[in-house]
Amino acid sequence: MKTTIKKLFLFLFLLFSISSVQAQTILLNQIGYKPISEKRAFICDSDVKTFKIINTSNNEVVYNGEISSPKYWESAGKNVSITDFSSIQKSGKYTIVVGNSSKTITIDNVVYENLGTKSLEAFYLARASETISEKYAGIYARPLGHPDDKVIIHASAATDKRPEGSIISSPSGWYDAGDYNKYIVNSGITVHTLLQLYEMYPEYSKNLKLKIPENSNQVPDLLDEILVNLRWMLTMQDPNDGGVYHKLTSKNFCGMIMPQDDKLDRYVVMKSTAATLDFAAVMAKVSRVFSKYENEYPHLSNLCLIRSKNAWNWAQKNPNVLYVQPKDISTGEYGNKNIDDEKYWAAIELYLSTKNEVYLNHLPTDLKITTPTWSQVESLGAFSLISSTDKIKDGKIKDKIELIKQNLLNTADQLYKINQKSPFKISMNSFSWGSNSDLANQGLLLLHAYTISGEKKYFKAAEDCLHYILGSNPLNMCFVTSFGDNSPKHIHDRRSSADKIDAPIPGLLVGGPTTTAKSDCGEDKYKSTFPALSYADMECSYSTNEIAINWNAPLAFLVNAINAINK
């Protein structure tokens, strides 16, 4: 009897072991694919050779395929194999089967529409100085927080006309990230990215319907949401000299509390050349975009252009005022030691708004193009310039634009080469702080290359960036809150922490894996030393699980641009 029981246990153990070996984690876009998209699933450390796709409506096998030979990826320490089912282009629900594992696949033209709107509606939920209404926010409604009508001039920002301790009003705008402060530098790239979405895809943008209080007027909802932050930015310029304060902040970060419960004093801190040039660039672009809505917003376009010129003039007189964090301030620094790129960006935007060629004298002979970040913004000017080619008559300037276009295509080619070599088909081979945002911005750059050239390879590489963010990654994680089968639950965000709602605010892109800062939660909380796996879905992980407006903006651009192009 004992021998029989032992044999039974041995059989079950062997059966379980074999089953465990055969079990595969199928890594794919958890939201779905458009019918004409390239469609792949990834399998790590597997020796399975074949896969099949089943139509779930009738259980019919519609595709049998071979799995590629594994390829080692240094960033994750894994051997990665690929299943490709791009030939399936009929909308519907499918099941992919690999070994004894399976996963559901959605194919549909409208698969990203909800994500496109939620990624933008997240900005409404980040508004300061106003009540967030249940009508538009549902369970995420909250009372007004941070009226910012009594903001203190910090010693670092003091002038004769606005001495230390003076009070100004600086309401509205978006909370920058998981904290409640507002930063001009980060606002600059965020607003430009959203304005660029509107300028490149105006008809699509006009038809975007968002749950925001302004959605019944004659202005596109996207522009109305942008205007919330622009109004705040305008208050950050000193009317006496044109310089722009670097940030509006409390001296220290508050605890994990709701906005209405934060009673810390708020200050505007130090004028900086970077903030002033970012402001000049954004306001020049705004003046062009809102010139079409003079009836709805009288004089706004002209006001923004005047403010842009005033900021430019201040920066010419103060060309290298670098932000230095005061000793009594410990919130986000956004420091930058090289601000030539801010000058190039502002010069391009002012040229496009004034047609005054003197601004282009500030550009280098050969403007380099890099993936945009808050600290590297010359590409933003390039995006604006190449999107306006048809409005420029001057032959010499057109030659300069052609050179910039070629530089952009060269950068896109470099990203495409990385994509082709990558086992996970992404254009990124390093994981800095905010790696998901880097990948989204690479997708943004690739879409500009597609627009210039019409070459589909750039569009496909941009889609690959989105697929990775939405689940085609070794963490099996859709990095956008409340989307996909496995998304972040414990993000570093004061609102989501303190609102007593289990699910975090939807539509937010978290920073993503990085090895740059593991002290936030402690190294033992990060399960891997490989950069693509160094991620913790924990509130304490501000290095990997925080959210930020400049991370959501490229996500919103990428998703909505893909929607617009497909339409």
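Residues numbered from 1 in each chain as written. Predicted model: local features only at pLDDT ≥ 70, side-chain atom pairs only at ≥ 80, totals over all residues. Heavy atoms only, no water.

(A) The overall build of the protein chain, seen in detail. Scanning the protein chain for helices and strands turns up 15 helices and 13 strands. The globule rule puts the C-alpha radius of gyration for 567 residues at 24 Å, and the 25 Å found for the protein chain is close to it. Taken along the three principal axes of its C-alpha coordinates, the protein chain extends 95 × 55 × 45 Å. Each of the 567 residues in the protein chain was classed as buried or not, and the buried ones make up 59%. By sequence separation, contacts in the protein chain at least 24 residues apart represent 70% of the contacts at least 6 residues apart. On the protein chain, roughly 23000 Å² of surface is accessible, and the fraction owed to carbon and sulfur atoms is 51%. Measuring between centres, the 61 positive side-chain charges of the protein chain sit 3 Å from its 60 negative side-chain charges. (Helix = DSSP H or I, 4+ residues; strand = E, 2+ residues; numbered from the N terminus. Rg over C-alpha atoms; globule rule 2.2 N^0.38 Å. Buried < 20%, exposed > 50% of the residue type's maximum accessible area, 1.4 Å probe, protein only. Contact = heavy atoms within 4.5 Å. Areas by Shrake-Rupley, 256 points an atom, 1.4 Å probe, with all protein chains shown as cover. Lys, Arg positive; Asp, Glu negative; His and termini not counted. Charge placed at Lys NZ, Arg CZ, Asp CG, Glu CD.)

(B) Geometry of the state of the cysteines. Enumeration according to the criterion identifies 1 disulfide in this entry. Across the disulfide, Cys-521 is cross-linked to Cys-540 (sulfur-sulfur distance 1.9 Å). What sets the handedness of the Cys-521 and Cys-540 disulfide is the S-S torsion sign, and at about 115° it is right-handed. Highlighted residues: Cys-521 in the loop between α14 (494-498) and α15 (549-566) and Cys-540 in the loop between α14 and α15, separated in sequence by 19 residues. With relative accessibility at 28%, the residue Cys-540 sits in the partly exposed group. Cys-465 supplies the cysteine sulfur nearest to Cys-478, a cysteine that is in no disulfide, at a spacing of 15 Å. Residue class for Cys-478 comes out buried when judged on its relative accessible area of 0%. (Disulfide = S-S within 2.5 Å.)

(C) Structural view of the packing of aromatic side chains. Taken as a whole and judged by the stated rule, the model has 19 aromatic pairs. Each ring, one from Tyr-175 and one from Tyr-180, has its centre 4.8 Å from the other, and the planes form 55°; the classification is tilted. A relative accessible area of 2% places Tyr-180 in the buried class. Here Tyr-450 and Phe-459 contribute two aromatic rings whose centre-to-centre distance is 5.3 Å and whose plane-to-plane angle is 45°, an arrangement assigned as tilted. Site record: aromatic cluster; members linked through ring pairs are Phe-42, Trp-73, Phe-424, Phe-431 and Tyr-468. (Phe/Tyr/Trp six-rings, centres within 6.5 Å; stacked < 30°, edge-to-face > 60°.)

(D) How the structure looks around the sheet that holds strand β12 (residues 245-249). Overall, mixed pairing links the 5 strands, which are arranged β10-β9-β13-β12-β11 in an open sheet. Two strands bound the open sheet, and with one partner strand each, they are β10 (167-168) and β11 (182-183). Direction of pairing for strand β9 (residues 151-153) relative to β10: antiparallel, over a ladder of 2 bridges. When the bridges of β10 are listed, Val-151 appears paired with Ile-168. (Pairing = 2+ DSSP bridges.)

(E) Expanded view of the confidence of the model for the protein chain. A residue-level look at the protein chain finds 96% of positions with pLDDT of 70 or above and a mean pLDDT of 94. Low pLDDT (under 50) marks residues 1-22, which in the prediction has 2 contacts with non-local residues, meaning those over four places away or in another chain. (pLDDT = per-residue confidence, 0-100.)

(F) Empty space enclosed by the protein, seen in detail. Scanning the model with the defined rule gives 3 cavities of 30 Å³ or more in all. Of the volumes computed, that of the largest cavity is approximately 90 Å³. Lining the largest cavity we find Ala-122, Phe-123, Ala-126, Tyr-175, Asp-176, Ala-177, Arg-495, Leu-508, Ile-547, Ala-548, Ile-549 and Asn-552. Of all the secondary structure elements, the ones that give two or more residues to the lining of the largest cavity are α2 (113-124) and α15. Class assignment of the residues belonging to the lining of the largest cavity gives a composition of 9 nonpolar, 1 polar and 2 charged. For the second largest cavity, the calculated volume is near 50 Å³. Lining the second largest cavity we find Tyr-33, Arg-40, Phe-42, Phe-424, Lys-425, Asp-464, His-467, Tyr-468 and Ser-472. Elements with a contribution of two residues or more to the lining of the second largest cavity: β2 (40-44) and α13 (456-469). Of all the elements, α13 adds the most residues to the lining of the second largest cavity, at 3 residues. (1 Å grid on protein atoms, 1.4 Å probe; cavity = no way out; pocket = protein on both sides within 12 Å on 5 of 7 lines; lining within 4 Å. Points joined across faces, edges and corners; volume = space filled by probe spheres on them. Nonpolar A, V, L, I, M, F, W, Y, C, P; charged D, E, K, R; others polar.)

(G) Spatial organisation of the pairing of β2. Counting buried residues in β2 gives 5 out of 5 residues, a clear majority hidden from the surface. Judged by which residues are buried, β2 turns out to be covered on both faces: Arg-40, Phe-42 and Cys-44 on one side and Ala-41 and Ile-43 on the other are all buried. Bridge count between strand β1 (residues 26-27) and β2: 2 bridges; the pairing is antiparallel. Along β2, the bridge assignment pairs Leu-27 with Phe-42.

(H) Structural detail: the pairing of strand β13 (residues 267-271). Of all 5 residues in β13, 5 are buried, a share of seventy percent or more. Pairing geometry for β9 and β13, over 2 bridges, is parallel. When the bridges of β13 are listed, Ile-152 appears paired with Tyr-267. Judged from the 4 bridges that link them, β12 and β13 form a sheet pairing that is antiparallel. Directly across from Leu-248, in β13, lies its bridge partner Val-268.

(I) Structural detail: the side chain of Ser-187. Looking at where Ser-187 falls in the secondary structure, it is placed in helix α4 (residues 184-200). Ser-187 gets classed as buried once you look at its relative accessible area, which sits at 1%. Engagement of the side chain of Ser-187 in a polar contact is seen with the side chain of Asn-229, the distance being 3.1 Å. Beyond its immediate chain neighbours, meaning those up to four positions away, Ser-187 contacts Asn-229, Trp-232, Met-233 and Ile-549. (Polar contact = N/O pair within 3.5 Å; in protein donor to acceptor, adjacent residues only side chain to side chain.)

(J) Region of interest: the pattern of salt bridges. Applying the stated rule across the entire model yields 24 salt bridges. Notably, a salt bridge pairs Arg-40 with Asp-84, separated by 4.0 Å at the nearest N-O pair. Of this pair, Arg-40 sits in strand β2 while Asp-84 sits in strand β6 (residues 78-84), and the two are 44 residues apart along the sequence. Note on Asp-84: relative accessible area 33%, which makes it partly exposed. Here Lys-118 ties to Glu-121 by a salt bridge, and the two come within 3.5 Å at their closest N and O atoms. Taken together, the positions of Lys-118 and Glu-121, both in helix α2 and 3 residues apart, correspond to about one turn of that helix. Residue classification places Glu-121 among the buried positions, given a relative accessible area of 10%. Connected via shared salt-bridge partners are Glu-38, Arg-40, Asp-84, Lys-460 and Asp-464. (Salt bridge = Lys/Arg side-chain N within 4 Å of Asp/Glu carboxyl O.)

(K) Fine view of helix α7 (residues 273-289). Given a rise of 1.5 Å per residue, 17 residues ought to cover 24 Å, and the 24 Å separating the end C-alpha atoms of α7 matches this to within 8%. Most of α7 is tucked away, with 17 of its 17 residues classed as buried. (Expected span 1.5 Å × (residues − 1).)

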